[in-house]
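Examination of the molecular architecture
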Amino acid sequence: MNQVNLPSDFSGVHFHFVGIKGTGMVALVEILSARGAVITGSDVEERFYTDEILEKLGISALTFSGENITDSVQFVIYSSAYSAEKNPDLIEAKKRGLPMMLYSEALGAISHASYSCGVCGVHGKTTTTGLCGTLLKELPLASQVLAGSIIKSFGDSCTMTKGHDYFVAETCEYQRHFMAFEPKKIILTSVESDHQDYYPTYEDIRSAFVDYICKLPSGGQVIYCSDDKGACEAVELAKEKRPDIDAIAYGEKASGDYRLTFGRVENGLHYFSLSGYGDFSICVPGDHNVRNAAAALALSCELLKTSGKNPNNYIEDLKRGLKNFAGGKRRSEIVGRAKTSLGQDVIFIDDYGHHPTAIKTTLAGFREFYKNHKIIVDFMSHTYTRTQALLEEFASSFESADKVIINKIYGSAREDASAAKVTGEILAEKARKYHKDVSYAKEFDEAAELALKFLSEPSGSDYSDGYVFVTMGAGDNWKVGKLILEQLLAKND
């Protein structure tokens, strides 16, 4: 891991980003730009949604070339998708002896310059980080927040900036990337088996979280979900090594200020209470998101205490912040609405859920939130190794959906697809053991055609409000929802 020291003041410092259009990279661009840095960057010519963020900042992505590395460039930050031996920008930077950092290393270097807090966990870290930023916008704390996706309440940006005394960032467990970060406080949402190509066993991934918690300074805080077995185990193991760390639980099984009680779901709001701070509500569906909100409230309250302020004086600000949170891109994102040929409403939702637990809890949330809707889900599993390792868990995770369409597996460049022992068709066949209505549609046009057939049928008396159509997964099957939405809107006109 590169140890690069950044100046405490970024004003006028020239950073060049290789792979600048990546979501995490754009977030770093926003962070550094807000602190006065000079930014250039390069990427492929294909247009991404992140181009809009770059354009707002007045940055145009260059094509890859050694000429991009001018004499004024002082630091190079690059995506792991590009090789220092093959990419022309990186080859030139290396030739010049410039400091070069991966995204995770750059994030770690930035974390040294503020009172930093890391949000981690197998599930929920992007949403929780987005919630933290939406709450901190309402509080008298000079803070900057970086999430791993576009957050609507950040003004369709990946970051929220109102100073940078306090820095909150989503930190990733894959390949132990979060070990470059220097946290004073950590939110831990969940720990379970994932990224099997790097962590073959549950104990391997749990060990990474334990080591991350142990990076906290003496008196540092880990704010963890008491309702998640893996999170509890990781904190217990970390406390055995580091009894000087302060462990603060949130959730139904917690004791203290952050003990959670779930309330009613009504008129588009999910109500809940925290024992120390009273009643709150959020307008995004699912018990998992209530837990994420509890985590964000806990961090916000603890940061207020750290700054010498009493959280009880800011309850109304916290309530307002929660109600302002409308989710993030690909996180239960409502992408459109249309009507079927029979005039029934269809809500189109796209969600990044790509682990069985995330799929199960997210769909359960939709079932509770959209009580009178028939739910159709199109799922694309991400990576052969994850699908193979958790095949039975994936197969049994769709119980809250009425109809399930499964696509081919979205492979990763880091694995050998030809050696895979599992396919999307095998997953669909397994899922039929647990669900009465599962179809396999290898390609997106097949899936769209099948879904349109389902949507041409009456939803039934139990589903008087119409349909919810969900595309789910870390692949690109959001295109299925886009195809269907465009066809229905064309007919609606």
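Below, the structure is looked at part by part. This one's a predicted model, so the numbers in the text were calculated from it and none came from an experiment.

So, how was this worked out
- Residues numbered from 1 in each chain as written.
- Predicted model: local features only at pLDDT ≥ 70, side-chain atom pairs only at ≥ 80, totals over all residues.
- Heavy atoms only, no water.
- Pairing = 2+ DSSP bridges.
- Helix = DSSP H or I, 4+ residues; strand = E, 2+ residues; numbered from the N terminus.
- Axes fitted to C-alpha atoms, helices over the stretch in contact; angles between N-to-C directions.
- Contact = heavy atoms within 4.5 Å.
- Polar contact = N/O pair within 3.5 Å; in protein donor to acceptor, adjacent residues only side chain to side chain.
- Parallel < 35°, antiparallel > 145°, perpendicular 65-115°, else oblique.
- Left-handed = near helix turned anticlockwise from the far one by under 90°.
- Nonpolar A, V, L, I, M, F, W, Y, C, P; charged D, E, K, R; others polar.
- Salt bridge = Lys/Arg side-chain N within 4 Å of Asp/Glu carboxyl O.

1. Quick look at the sheet that holds strand β12 (residues 260–266)
Read across the sheet, three strands follow the order β12-β13-β14 without closing on themselves; strand pairing throughout is antiparallel. Sheet topology places β12 and β14 (278–282) at the edges, where each strand pairs with a single neighbour. Here the average twist between neighbouring strands, direction ignored, is 25°. Pairing of strand β13 (residues 269–274) with β14, which is carried by five bridges, proceeds in the antiparallel orientation. Each bridged residue has a counterpart across the sheet, and for L274 the counterpart in β14 is G278. Of the strands in this sheet, β12, β13 and β14 touch helix α8 (residues 287–306), which is tilted by about 45° from β13. Each of β13 and β14 touches helix α9 (residues 315–324); the most contacted strand, β14, lies at about 20° to it.

2. Quick notes on the sheet that holds strand β16 (residues 345–351)
Across the sheet, which stays open at both edges, the six strands sit in the order β15-β16-β20-β17-β18-β19 with mixed pairing between neighbours. Two strands lie at the open edges of the sheet, namely β15 (333–339) and β19 (438–440), each paired on one side alone. Across the sheet, the axes of successive neighbouring strands diverge by a mean angle of 20°, strand direction being ignored. In this sheet, β16 lies alongside β15 in antiparallel orientation, the contact comprising six bridges. Counterpart to I334 in the pairing with β16 is I349. Relative to the sheet, helix α14 (residues 444–455) contacts β16, β17 (373–379), β18 (403–406), β19 and β20 (466–472), its axis offset from that of β18 by approximately 170°. On top of the sheet, helix α15 (residues 478–492) reaches β15, β16, β17 and β20; it is set at about 30° to β15, its chief contact.

3. Topic: the environment of T357
The topology assignment puts T357 in helix α10 (residues 356–369). There is a polar contact of 2.7 Å between the side chain of T357 and the side chain of E192.

4. Observations regarding the packing of helix α1 (residues 23–34) against helix α4 (residues 103–111)
Axis separation between α1 and α4 bottoms out at 10 Å; the angle between their running directions is 30°. Considering the angle they form, α1 stands roughly parallel to α4. Here α1 and α4 pass one another in a crossing that is left-handed. Within the contact between the two elements, α1 uses G24, M25, L28, I31 and L32 and α4 uses Y103, A106, L107 and I110. The residue inventory of the contact of α1 with α4, partitioned by class, reads eight nonpolar, one polar and no charged.

5. Thoughts on the pattern of salt bridges
A side chain with one charge may pair with a side chain of the opposite charge, provided their charged atoms come close. Taken as a whole and assessed by the stated rule, the structure comprises 30 salt bridges. In this structure, K241 and D211 form a salt bridge, with 3.9 Å as the shortest nitrogen-oxygen distance. One end of the pair, K241, is in helix α7 (residues 229–241); the other, D211, is in helix α6 (residues 202–213), and 30 residues separate them in sequence. A salt bridge links R242 to D244, with the nearest nitrogen and oxygen atoms 2.8 Å apart.

Limitation: the analysis is restricted to geometry and does not speak to function.
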